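The chain contents come next:
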Amino acid sequence: MVKEEIKILVLIIGAGPAGLATSACLNRLYIPNIVVEREDCSASLWKTRSYDRLSLHLAKQFCQLPHMPFPSNTPTFVSKLGFISYLDEYVTRFNVNPRYNRNVKSAHYKDGRWIVEVDNETEMSREVYLANYVVAATGENGEGVIPEIPGLVERFKGEYLHSSEYKNGDKFAGKDVLVVGCGNSGMEIAYELSKCSAKISIVVRSPVHVLTRCIVRIGMSLLSFFPVKLVDRLCLLLAEVRFGNTSRYGLVRPKNGPFMNKLITGRSPTIDVGCVEEIKSGKVQVVPSIKRIEGKRVEFVDGKTKHIDSIVFATGYKSSVSKWLQVDDGDLFNENGMPKREFPCHWKGKNGLYSVGFGRQGLAGISRDAQNIARDIASLVCWRNKNKMS
């Protein structure tokens, strides 16, 4: 395979919101950069791997990227199509030009620069990027995770899929569907399936905070002025008024409050879109973890079984960094492809290696990371230029 060498100051890997924001911030500072993306579009998680009714679960002011607030007439909670439109406009405004169908194969640091080998799958060629700085912008959602369950692959006679493949509930009408996971995706998919006349069960494997959008918005606004524990107390009181005692229905809350729990574990509270009422009415049944599967019979850890036609795994994602960064010459990532250091020190490694979107802080965290990285690279470039002149 012919190899083409390409020299660039900054190479950004990933054209999701994290990569787009970093490139935009660098462009504003006139720092040359290239964005490479394995898919054929930017923001592929939003455009091709998300369900139809998805919207931003947080208010728009907590979801905007650097230097471009949402227009004042944008709804408080932006729809999937609205956010995609926002991202497309962002790309145009800040002259971000990702190179698509580029699959990063390896990256290592040698003789003062990064050598990144990339397959150009459009032209069936190999590109070698020689960069002073590398930004890993593939984030925490690199690839979907389906847990290993005895019998799932070998003996399950129904259909199973990850939530990234789920679009809507139309084809599941009248079927017995098991949703695994009670985060935002799991609860929203369970709600939609219930409204599509499917018979729904949802696996709740661990304690979970369920709040409304409005309660989360109040809490996030108050965190700028009051301690986390005080804000948590207020949010839990509001949740109790709204939902009552959810443990009666199998939704047990963690010991720590919702925002403290986010800081400690990285797990966000689940934002209810109507699923709690479906659970209370019995239209969605809460079940414990799966023990094994045989045919279309699913056995749970409490010994009970259910006939299941389809399983939707809303079991999250994992980083894909370790696939191409086999040896971390930047001392930034652990063996799971996540930063070794906790927020807020997670974004900078050694030898010019950075990460954006790995801090478990959502789009607001991406915005902070991108601006920090751009400022840091700009200061290093300025320092090097001064040294050359002296």
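Above this text you will find the structure in question.
Please read all numbers here as calculations on a predicted model, not as lab measurements. (Residues numbered from 1 in each chain as written. Predicted model: local features only at pLDDT ≥ 70, side-chain atom pairs only at ≥ 80, totals over all residues. Heavy atoms only, no water.)

## Observations regarding the overall build of the protein
Along its length, the protein carries 11 helices and 18 strands. Taken over the C-alpha trace, the protein has a radius of gyration of 23 Å; the compact-globule value for 390 residues is 21 Å, and the two agree within 12%. For the protein, the C-alpha atoms occupy an extent of roughly 75 × 55 × 35 Å along the three principal directions. Burial status across the protein gives 50% buried among its 390 residues. For the protein, the share of sequence-separated contacts (at least 6 apart) that also reach a separation of at least 24 residues comes to 64%. Per element, the accessible surface of the protein, about 18500 Å² overall, is 51% carbon and sulfur. Taking the average place of the 54 positive charges on the side chains of the protein and the average place of its 40 negative ones, the gap between the two points comes to 5 Å. (Helix = DSSP H or I, 4+ residues; strand = E, 2+ residues; numbered from the N terminus. Rg over C-alpha atoms; globule rule 2.2 N^0.38 Å. Buried < 20%, exposed > 50% of the residue type's maximum accessible area, 1.4 Å probe, protein only. Contact = heavy atoms within 4.5 Å. Areas by Shrake-Rupley, 256 points an atom, 1.4 Å probe, with all protein chains shown as cover. Lys, Arg positive; Asp, Glu negative; His and termini not counted. Charge placed at Lys NZ, Arg CZ, Asp CG, Glu CD.)

## Brief notes about unusual backbone geometry
Cis geometry is adopted by the peptide bond preceding Pro 344, which originates at Phe 343 and carries an omega value of 10°. Here Pro 344 lies in the loop between helix H10 (321-324) and strand S18 (353-355). One non-glycine residue, Asp 111, lies in the positive phi region at around 55°. Note that Asp 111 resides in the loop between strand S3 (102-110) and strand S4 (113-120). Given the relative accessible area of 72%, Asp 111 is considered exposed.

## Regarding the side chain of Glu 127
Within the secondary structure layout, Glu 127 lies in strand S5 (residues 125-136). Engagement of the side chain of Glu 127 in a polar contact is seen with the side chain of Arg 102, the distance being 2.9 Å. Within the structure, Glu 127 has its side chain in polar contact with the side chain of Tyr 129 (distance 2.7 Å). With residues near it in sequence (within four places) discarded, Glu 127 still touches Glu 4, Ile 6, Arg 102, Val 116, Glu 117, Val 118 and Asn 120. (Polar contact = N/O pair within 3.5 Å; in protein donor to acceptor, adjacent residues only side chain to side chain.)

## Some details on the environment of Arg 233
The residue Arg 233 is located in helix H7 (residues 228-243) in this model. In this structure Arg 233 comes out as exposed when scored by relative accessible area, which is 58%. Separated by 23 residues in sequence, Arg 233 and Asn 256 place their C-alpha atoms 10.0 Å apart.

## Here we look at the pattern of salt bridges
Tallying each qualifying case throughout the model produces 20 salt bridges. In this structure, the salt-bridge partner of Arg 126 is Asp 119, at a minimum N-O distance of 2.4 Å. The residues Arg 126 and Asp 119 share a single accessibility class, namely buried. Note that Asp 331 and Lys 350 form a salt bridge whose closest N and O atoms lie 3.7 Å from each other. With Asp 331 in the loop between H10 and S18 and Lys 350 in the loop between H10 and S18, the pair connects residues that are 19 residues apart, well separated along the chain. What makes Asp 331 partly exposed here is its relative accessible area of 24%. Shared partners join several salt bridges into a network, and the residues in it are Lys 3, Glu 117, Asp 119 and Arg 126. (Salt bridge = Lys/Arg side-chain N within 4 Å of Asp/Glu carboxyl O.)

## Some points on the packing of aromatic side chains
Scanning the model with the defined rule gives 13 aromatic pairs in all. With a centroid separation of 6.3 Å and 35° between ring planes, the pair formed by Tyr 86 and Tyr 90 is classed as tilted. Of this pair, Tyr 86 and Tyr 90 both sit in helix H3 (residues 80-93), 4 residues apart, which is roughly one turn of the helix. Each member of the pair, Tyr 86 as well as Tyr 90, carries the same accessibility label: buried. Their ring planes at 55° and their centres at 4.8 Å tell us that Tyr 90 and Phe 94 sit as a pair that is tilted. Here Tyr 90 matches Phe 94 in class, with each residue buried. Feature note: the residues Trp 46, Phe 70, Phe 83, Tyr 86, Tyr 90 and Phe 94 constitute an aromatic cluster, connected by ring pairs. (Phe/Tyr/Trp six-rings, centres within 6.5 Å; stacked < 30°, edge-to-face > 60°.)

Any functional reading would require information that these geometric values do not contain.
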